[in-house]
Amino acid sequence: MNNLSLIQCSTLLSCRQTYQIKGVLYRFVIQDGSIKHPQFIFRPLPGQGKKADLKLNRQKLLSQCYVVPGMSAKAEVMNTQVVQMKLF
C-alpha cells in the first residue's frame, strides 16, 4: 500500500474512503463529541484483525490516519432475508 497520505483536515473524512490507522484498514463512521472536543469513530473493514470500533480525537486523527487512494469502502448489508420461525 504505497502513496499513503496523512489526513490534512478532519472535514475531508468520507464514509466511502478507506483509511489506514496503525496498519489496519478502517472506514469512517461518524463524528461524535462536542465542537471543542470532537471524536472520530472508525470501523475496521472485514477481514482485518481488529473487530471493535476505533475512536480518535482530532490530534491523533491528524497524526495517525492515512488515506488509502484507489480503495473505497462500501457499506455492507449484513442480511437481506428475514426468516420467520414457527414455535408450534
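Look up a bit, the structure's there.
Residues numbered from 1 in each chain as written. Predicted model: local features only at pLDDT ≥ 70, side-chain atom pairs only at ≥ 80, totals over all residues. Heavy atoms only, no water.

Peer 1: Please provide a residue-by-residue account of the overall build of the chain, values included.
Peer 2: The helix and strand tally for the chain stands at one helix and six strands. Across the chain, helices and strands are ordered from the amino to the carboxyl terminus as β-β-β-β-β-α-β. Within the span of the chain, comprising 88 residues, buried residues form 28% of the whole. Carbon and sulfur atoms form 53% of the exposed surface of the chain, whose accessible area is close to 6,900 Å². (Helix = DSSP H or I, 4+ residues; strand = E, 2+ residues; numbered from the N terminus. Buried < 20%, exposed > 50% of the residue type's maximum accessible area, 1.4 Å probe, protein only. Areas by Shrake-Rupley, 256 points an atom, 1.4 Å probe, with all protein chains shown as cover.)

Peer 1: So what's going on with the pattern of salt bridges? Residues and values would help.
Peer 2: This structure, assessed with the given rule, holds one salt bridge. A salt bridge links arginine 43 to aspartate 53; its shortest N-O distance comes to 3.0 Å. Of this pair, arginine 43 sits in strand β4 (residues 38-44) while aspartate 53 sits in the loop between β4 and β5 (54-57), and the two are 10 residues apart along the sequence. Using a relative accessible area of 33% as the deciding quantity, one classes arginine 43 as partly exposed. (Salt bridge = Lys/Arg side-chain N within 4 Å of Asp/Glu carboxyl O.)

Peer 1: For the environment of lysine 55, give the residues involved together with the corresponding values.
Peer 2: Along the chain, lysine 55 falls in strand β5. Not counting the four nearest positions on each side in its chain, lysine 55 is found in contact with Asp32, Gln39, Phe40 and Ile41. (Contact = heavy atoms within 4.5 Å.)

Peer 1: Pulling in residues and values, what's your account of the pairing of strand β3 (residues 24-33)?
Peer 2: With three bridges connecting them, strand β2 (residues 17-21) and β3 associate as antiparallel partners. Within β3, the residue paired with tyrosine 19 across the bridge is tyrosine 26. Once β3 ends, the chain turns through four residues before running back antiparallel as β4. (Pairing = 2+ DSSP bridges.)

Peer 1: Lay out the nonpolar core in plain terms, naming residues and giving numbers.
Peer 2: Ranked by size, the top nonpolar core spans 13 residues in total, and within it Leu13, Tyr19, Phe42, Leu61 and Cys65 carry the most contacts. Secondary structure elements with two or more residues in this core: β2, β3, β4 and β6 (65-72). With three residues, β3 is the largest single contributor of residues to this core. (Core = buried A, V, L, I, M, F, W, Y, C linked by side-chain atoms within 4.5 Å.)

Peer 1: Which residues make up the environment of glutamine 59, and what are the values?
Peer 2: Mapping glutamine 59 onto the fold places it in helix α1 (residues 58-64). Residue class for glutamine 59 comes out exposed when judged on its relative accessible area of 65%. Taking C-alpha positions, glutamine 59 is 10.0 Å from proline 38, a pair spaced 21 residues apart along the chain.

Peer 1: Could you give an account of the packing of aromatic side chains, with specific residues and numbers?
Peer 2: This model, assessed by the stated rule, comprises two aromatic pairs. Centroid distance tyrosine 19 to phenylalanine 42: 5.7 Å. Interplanar angle 75 degrees. Geometry classified as edge-to-face. A residue pair is termed long-range when its members are at least 10 positions apart, and tyrosine 19 in strand β2 and phenylalanine 42 in strand β4 qualify at 23 residues. For the pair shown, tyrosine 19 and phenylalanine 42 are each scored as buried. (Phe/Tyr/Trp six-rings, centres within 6.5 Å; stacked < 30°, edge-to-face > 60°.)

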